[in-house]
Amino acid sequence: MLKQRWQNALIMVIFLAMLILPLLYADWEGGAISAAENRVLAKAPWILADKTVDQHTAVEKWINDNAGFRALAMKTRVRLEYGLFRHSTVSNYLIGQEEWIYFAPQEVISDYVGENLWSQGVLDEWNENLKMLNRLVEDNGAKLLMTIVPDKKTVYPEYYSPYLRHETEKTRTNQLAESIRANQSFPLVLLQETLEQNKHLGHLYFPRTDTGHWNQLGAYLGYEKLMQEAEPLIGKMTYIPLNQCTITPKEDAGIFSETLEVKEVGYDVTNERTSHQVMKKEYLDRYDFLTYASDPEEYQQYFVNTQGENLPRILCIGDSYGVRVNGFLAQSASSLFYLHRSDIKNLQRILDYEQFDLVILEMAERMLSVFYYDLAEFRSHWTEFSGSY
């Protein structure tokens, strides 16, 4: 009987511990980023700004996402699935060969195998919208330079899944590039060519275990190429070639590197002008109509070069790849304004307020479909704003 009581008491203690400990060690605010899942975890309902949400559902989501020891459990799950099945917990990732990890939603995979090429009608829309963009830029005394930054799979296909094969050599990227080069007056720079030409140096230009953003070394190669292509448009560009910079290897962090305990290689690229550019957040106050004006973070940036009064003024419209090259672009500009692609619809208002010499349109290969809709929205806004086409 005594033994039975002890067993019952032990079961009760274990049961209570399983209920209480996850709450004691829970994240009581929530909203953290789960690297293993590539998403923001649910916030606690008592700190949500929107008080109209269903409280029962909000509490349930918060508990599911923030209970104590959940991060440890997720890390263990990722390791097991990766080690046993070579499978990623996150559906948008593809685990390639030699522990390379690629950002691979269905649209990216379809592009790789050639299943989602643009129709002629869509290509025509691309060209019409880009012509409007170029016209607006030139009407305001600037020159347009467009670039497409390749996906990691495009530069390093040798580590991609061996089970995926190109059905056609044509992709949406080279299909679009051919159409733009045949129909537009502004230059298009495909940075795939630049990065591929430098692979023989043995450096990595993308982290092995991240979502695919280029690292500092890849971004500097892109910056150098853009400055070379800008010279015929606006004259001599001032920049320091990569071979005159200091390249310092370092251990970096990819989105899966910590979870899988894989050492990630990164680089710091510095030169004598590294400290000349200063970010001026207060300069963004004049653009309070922008989408991220109240909380810009990486979405809007403004740099002023403390030793570059006679350098050109540059506006860079881009995505998260552009964020990684902005600090370098600012070395070659008296001022650099980075505008997130979602605010390209407001370009007319920005150009009415501020004069630029060069406008760079940077598109990540994996974001081309998003830019297609952004440009369509820009065209709609500009037609409404100007009252004409």
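I will try to describe carefully the structure that is included in this document.

Reading the values: rules and limits
- Residues numbered from 1 in each chain as written.
- Predicted model: local features only at pLDDT ≥ 70, side-chain atom pairs only at ≥ 80, totals over all residues.
- Heavy atoms only, no water.
- Helix = DSSP H or I, 4+ residues; strand = E, 2+ residues; numbered from the N terminus.
- Expected span 1.5 Å × (residues − 1).
- Buried < 20%, exposed > 50% of the residue type's maximum accessible area, 1.4 Å probe, protein only.
- Contact = heavy atoms within 4.5 Å.
- Salt bridge = Lys/Arg side-chain N within 4 Å of Asp/Glu carboxyl O.
- Pairing = 2+ DSSP bridges.
- Axes fitted to C-alpha atoms, helices over the stretch in contact; angles between N-to-C directions.
- Phe/Tyr/Trp six-rings, centres within 6.5 Å; stacked < 30°, edge-to-face > 60°.
- Polar contact = N/O pair within 3.5 Å; in protein donor to acceptor, adjacent residues only side chain to side chain.
- 1 Å grid on protein atoms, 1.4 Å probe; cavity = no way out; pocket = protein on both sides within 12 Å on 5 of 7 lines; lining within 4 Å.
- Points joined across faces, edges and corners; volume = space filled by probe spheres on them.
- Nonpolar A, V, L, I, M, F, W, Y, C, P; charged D, E, K, R; others polar.
- Parallel < 35°, antiparallel > 145°, perpendicular 65-115°, else oblique.
- Left-handed = near helix turned anticlockwise from the far one by under 90°.

## Remarks on helix H5 (residues 120-139)
In a regular helix each residue adds 1.5 Å, so 20 residues correspond to 28 Å; H5 covers 28 Å between its end C-alpha atoms and thus fits that length. Turning to H5, its buried residues are Val-122, Leu-123, Trp-126, Asn-127, Asn-129, Leu-130, Met-132, Leu-133, Asn-134, Leu-136 and Val-137. Gly-141 sits one or two residues past H5 and shows a positive phi near 80°.

## Quick word on helix H4 (residues 106-113)
Among the eight residues that make up H4, six are buried, leaving the element largely enclosed by the rest of the structure. Looking only at H4, the buried set comprises Val-108, Ile-109, Ser-110, Asp-111, Tyr-112 and Val-113. Of the surrounding elements, those touching the buried residues of H4 are strand E3 (93-95), strand E4 (101-103), helix H6 (152-155) and helix H7 (172-183). Following H4 by one or two positions, Gly-114 has its phi on the positive side, about 80°.

## Overview of the pattern of salt bridges
One pass over the full model with this rule turns up 13 salt bridges. Between Asp-151 and Lys-153 there is a salt bridge whose closest N-O contact spans 3.4 Å. Note on accessibility: Asp-151 and Lys-153 belong to one class, buried. Among the ionic contacts, a cluster of salt bridges with common partners joins Glu-107, Asp-111 and Arg-172.

## Brief notes about the sheet that holds strand E13 (residues 358-364)
In space, the seven strands of this open sheet follow the order E6-E5-E13-E11-E12-E10-E9, with mixed pairing throughout. Only two strands of the sheet have a single partner each, and these edge strands are strand E6 (188-190) and strand E9 (277-279). Neighbouring strand axes in the sheet, compared pairwise and without regard to direction, differ in orientation by 20° on average. As paired strands, strand E11 (residues 313-318) and E13 are joined by four bridges and run parallel to one another. Bridging from a neighbouring strand, Leu-315 pairs with Val-359 of E13. On top of the sheet, H5 reaches strand E5 (143-149) and E13; it is set at about 135° to E5, its chief contact. Contacts from H7 reach E5 and E6 within the one sheet, and its direction differs from that of E6 by about 155°.

## Focus: the packing of aromatic side chains
A full pass over the atoms with the stated rule returns 17 aromatic pairs. Taking the centre distance of 5.8 Å and the plane angle of 75° together, the rings of Trp-118 and Trp-126 count as edge-to-face. Each member of the pair, Trp-118 as well as Trp-126, carries the same accessibility label: buried. Following the ring pairs from residue to residue traces out a cluster consisting of Trp-100, Tyr-102, Tyr-112, Tyr-156, Tyr-159, Tyr-160 and Phe-206.

## What to know about the environment of Gly-308
Checked against the element boundaries, Gly-308 lands in the loop between strand E10 (300-305) and E11. Owing to a relative accessible area of 2%, Gly-308 belongs among the buried residues under this scheme. Along the primary structure Gly-308 and Gln-277 are separated by 31 residues, whereas in three dimensions their C-alpha atoms are 8.8 Å apart.

## A short note on the side chain of Thr-154
By secondary structure assignment, the location of Thr-154 is in helix H6. Side-chain polar atoms of Thr-154 contact the side chain of Glu-365, separated by 2.7 Å. Apart from residues no more than four positions distant in its own chain, Thr-154 is found in contact with Gln-192, Glu-196 and Glu-365.

## Section: empty space enclosed by the protein
In this approach the atoms are scanned with a rolling probe the size of a water molecule, which exposes any empty space left behind. Applying the stated criterion across every chain, the model contains two cavities of 30 Å³ or more. Approximately 30 Å³ is the volume found for the second largest cavity. Examining the composition of the lining of the second largest cavity, we find that three residues originate from one element, H4, more than from any other. Residue composition of the lining of the second largest cavity, by class: one nonpolar, no polar and six charged.

## Here we look at the packing of H5 against H7
One way to put it is that H5 packs onto H7 with a least axis distance of 10 Å and a crossing angle of 50°. In terms of orientation, H5 and H7 fall into the oblique class. Regarding H5 and H7, the two cross each other, and that crossing is right-handed. Here Leu-123, Trp-126, Asn-127, Leu-130 and Lys-131 of H5 lie close against H7, whose contacting residues are Gln-175, Leu-176, Ser-179, Ile-180 and Asn-183. Along the lines of polarity and charge, the residues of the contact of H5 with H7 split into five nonpolar, four polar and one charged.

Any link to function would need more than the numbers given here.
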